Amino acid sequence: MPGGLRVLAVDDEAPALDDLVHLLRADPRIGTVHTARDGAGALRCLDRALAEGRPVDAVFLDIRMPGLDGTVLGRVLAQFARAPHIVFVTAFEEHAVDAFEIKATDYILKPVRPERLAEAIRRVSQSGGPAGASGSGGPGAPAGGEGHAPRPEPEPMPVELAGVTRFVAPAEVLYVEAQGDYARLHTPNGSHLVRIPLAALEERWRDAGFVRVHRSHLVALAGIEELRLDSGRCTILVGGTELPVSRRHVRELRDLLVRNARRPT
């Protein structure tokens, strides 16, 4: 982005804020770093930047703060017409689900490691600007010049990996398996158990090309390698794993695969 990203760092603890600002300014992708010590100050800063025609691209936000805490502030920011990306920076793991619901771009645990912050900045930088901005290629822009809005960007899922919270995008997932009130995301590199029912994830990831094939399985349509019909039993091969297809889902799945195969590349 020309001139670098404009970001706001928010933390009520001065040493933590100073450390975060130092790390942000050390990254060449960052242009301007604003600071605030609480939620009210953050809103004033954002309003001032917007009035000056230089809206903030991303907010690096602590969660546990007096007054307006980070999750409440995040929900407020998510409603902005030109919503900045939200990156939570916190010492507490238990707010990852809140971050998911707010559609945060990333979730970093303190103490902040430079390489982890660099990854979050990369996510913001590659998005091309504020999360709620519209324009060429952005949410709400016409697709292919034909007046059709593109499908909304699918929501990633926060997962815990060796004490670090990261976000797994739908594009990384081959299929999802129901495990009670939880779901297990299967990727080429392993699996992750997340606290969300399969039905809820099906609703959230429908626009990402996922289709329900069984009461226990949600599958990425693009990841299906084979469709097998044998003696009235239907199965699919996904990432080398054979999965059953419920009888009531067979026709819908077959039609989707045919339409997908006919779609121009």
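Residues numbered from 1 in each chain as written. Predicted model: local features only at pLDDT ≥ 70, side-chain atom pairs only at ≥ 80, totals over all residues. Heavy atoms only, no water.

Novice: Hey, could you run me through the overall build of the protein chain in this one?
Specialist: Within the protein chain, the regular secondary structure consists of seven helices and 15 strands. When contacts within the protein chain are restricted to residue pairs at least 6 apart in sequence, long-range pairs at least 24 apart make up 54% of them. Here the protein chain displays about 14300 Å² of accessible surface, and carbon together with sulfur accounts for 49% of that area. (Helix = DSSP H or I, 4+ residues; strand = E, 2+ residues; numbered from the N terminus. Contact = heavy atoms within 4.5 Å. Areas by Shrake-Rupley, 256 points an atom, 1.4 Å probe, with all protein chains shown as cover.)

Novice: Honestly, the environment of Arg228 in this entry has me stumped. Any pointers?
Specialist: Here Arg228 shows up in strand 13 (residues 224–230). Placed 14 residues apart in sequence, Arg228 and Glu242 show a C-alpha to C-alpha distance of 9.5 Å. When residues no more than four places from it in sequence are discounted, the contact partners of Arg228 are Arg233, Cys234, Thr235, Leu237 and Glu242. A distance of 2.8 Å separates a polar atom in the side chain of Arg228 from a polar atom in the side chain of Glu226. (Polar contact = N/O pair within 3.5 Å; in protein donor to acceptor, adjacent residues only side chain to side chain.)

Novice: Hey, could you run me through the packing of aromatic side chains in this one?
Specialist: For any pair of aromatic rings, the description rests on two quantities: the centre-to-centre distance and the angle between the ring planes. This structure, assessed with the given rule, holds two aromatic pairs. Look at Trp205 and Phe210: their rings are 5.1 Å apart centre to centre, the planes differ by 45°, and that puts the pair in the tilted class. A single burial state applies to Trp205 and to Phe210, both of which are buried. Cation over ring: Arg64 sits above Phe92, and NZ or CZ is 3.6 Å from the ring centre. (Phe/Tyr/Trp six-rings, centres within 6.5 Å; stacked < 30°, edge-to-face > 60°. Buried < 20%, exposed > 50% of the residue type's maximum accessible area, 1.4 Å probe, protein only. Lys NZ or Arg CZ within 6 Å of the ring centre and 35° of its normal.)

Novice: In this structure, what is going on with the packing of helix 1 (residues 14–25) against helix 5 (residues 114–127)? I would like to understand it.
Specialist: For any two helices packed against each other, one specifies the crossing angle of their axes together with the interaxial distance. Interhelical geometry of helix 1 versus helix 5 gives an angle of 65° and a closest axis separation of 10 Å. Every pair of crossing elements has a handedness; the one defined by helix 1 and helix 5 is right-handed. Along its contact with helix 1, which presents Leu20, Leu23 and Leu24, the element helix 5 presents Pro114, Leu117 and Ile121. Taken together, the residues that form the contact of helix 1 with helix 5 break down as six nonpolar, no polar and no charged. (Axes fitted to C-alpha atoms, helices over the stretch in contact; angles between N-to-C directions. Left-handed = near helix turned anticlockwise from the far one by under 90°. Nonpolar A, V, L, I, M, F, W, Y, C, P; charged D, E, K, R; others polar.)

Novice: So what exactly am I meant to see when it comes to the sheet that holds strand 14 (residues 233–238) here?
Specialist: Taken in spatial order, the three strands make up an open sheet running 13-14-15, and their pairing is antiparallel. In this open sheet, the two strands that pair with only one neighbour each are strand 13 and strand 15 (241–245). Taking the axes of each pair of neighbouring strands and ignoring which way they run, one obtains an average angle of 25° across the sheet. (Pairing = 2+ DSSP bridges.)

Novice: How should I be thinking about the nonpolar core in this particular structure?
Specialist: The nonpolar side chains of a soluble globular protein tend to be buried, and buried together. Core analysis: the largest hydrophobic core is formed by 23 residues, its most contacted members being Leu8, Val10, Val59, Leu61, Ile86, Phe88 and Tyr107. Counting only elements with at least two residues in this core, the list comes to strand 1 (5–10), helix 2 (39–51), strand 3 (58–61), helix 3 (70–78), strand 4 (85–90), helix 4 (96–102) and strand 5 (106–109). No other element matches the four residues that helix 2 contributes to this core. The residues contacting Leu8, other than those within four sequence positions of it, are His34, Thr35, Ala36, Ala42, Cys45, Leu46, Val56, Ala58, Val59 and Phe60. If you look at the next biggest cluster of nonpolar residues, it comprises 18 residues, including Leu17, Val87, Val89 and Ile121. (Core = buried A, V, L, I, M, F, W, Y, C linked by side-chain atoms within 4.5 Å.)

Novice: What should I look at first to understand the packing of helix 2 against helix 3 in this one?
Specialist: For the pair helix 2 and helix 3, the least separation of the axes is 10 Å and the interaxial angle reads 20°. By the angle between their axes, helix 2 is roughly parallel relative to helix 3. In this structure, the crossing between helix 2 and helix 3 has a hand that is right-handed. Along its contact with helix 2, which presents Gly39, Ala42, Leu43 and Leu46, the element helix 3 presents Leu73, Val76 and Leu77. (Parallel < 35°, antiparallel > 145°, perpendicular 65-115°, else oblique.)

Novice: What should I look at first to understand the sheet that holds strand 12 (residues 217–220) in this one?
Specialist: For sheets, the rule is that strands pair by backbone hydrogen bonds, running either parallel or antiparallel. Pairing in this open sheet of five strands is antiparallel, and the strands run 10-9-8-12-11 from one edge to the other. At either margin of the open sheet sits one strand with a lone partner, and together these are strand 10 (190–194) and strand 11 (210–214). The sheet shows a mean angle of 25° between the axes of neighbouring strands, taken without regard to direction.

Novice: So what exactly am I meant to see when it comes to helix 5 here?
Specialist: Count 3.6 residues to each turn of an α-helix, and residues three or four apart come out pointing the same way. Taking 1.5 Å per residue, 14 residues should reach 20 Å; helix 5 reaches 20 Å between its end C-alpha atoms and fits that length. Listed as buried for helix 5 are Arg116, Leu117, Ala120, Ile121 and Val124. Buried residues along helix 5 cover an arc of 140° about the axis, so they all sit on one side. In helix 5, the exposed residues that point more than 90 degrees away from the buried face are Glu115 and Gln126. (Expected span 1.5 Å × (residues − 1). Arc of directions from axis to C-beta.)

Novice: So what exactly am I meant to see when it comes to the environment of Ile102 here?
Specialist: Here Ile102 lies in helix 4. Once residues within four sequence positions are removed from consideration, Ile102 is found in contact with Thr71, Gly74, Arg75, Ala78, Ile86 and Phe88.

Function-wise, these values are silent; they only describe arrangement.
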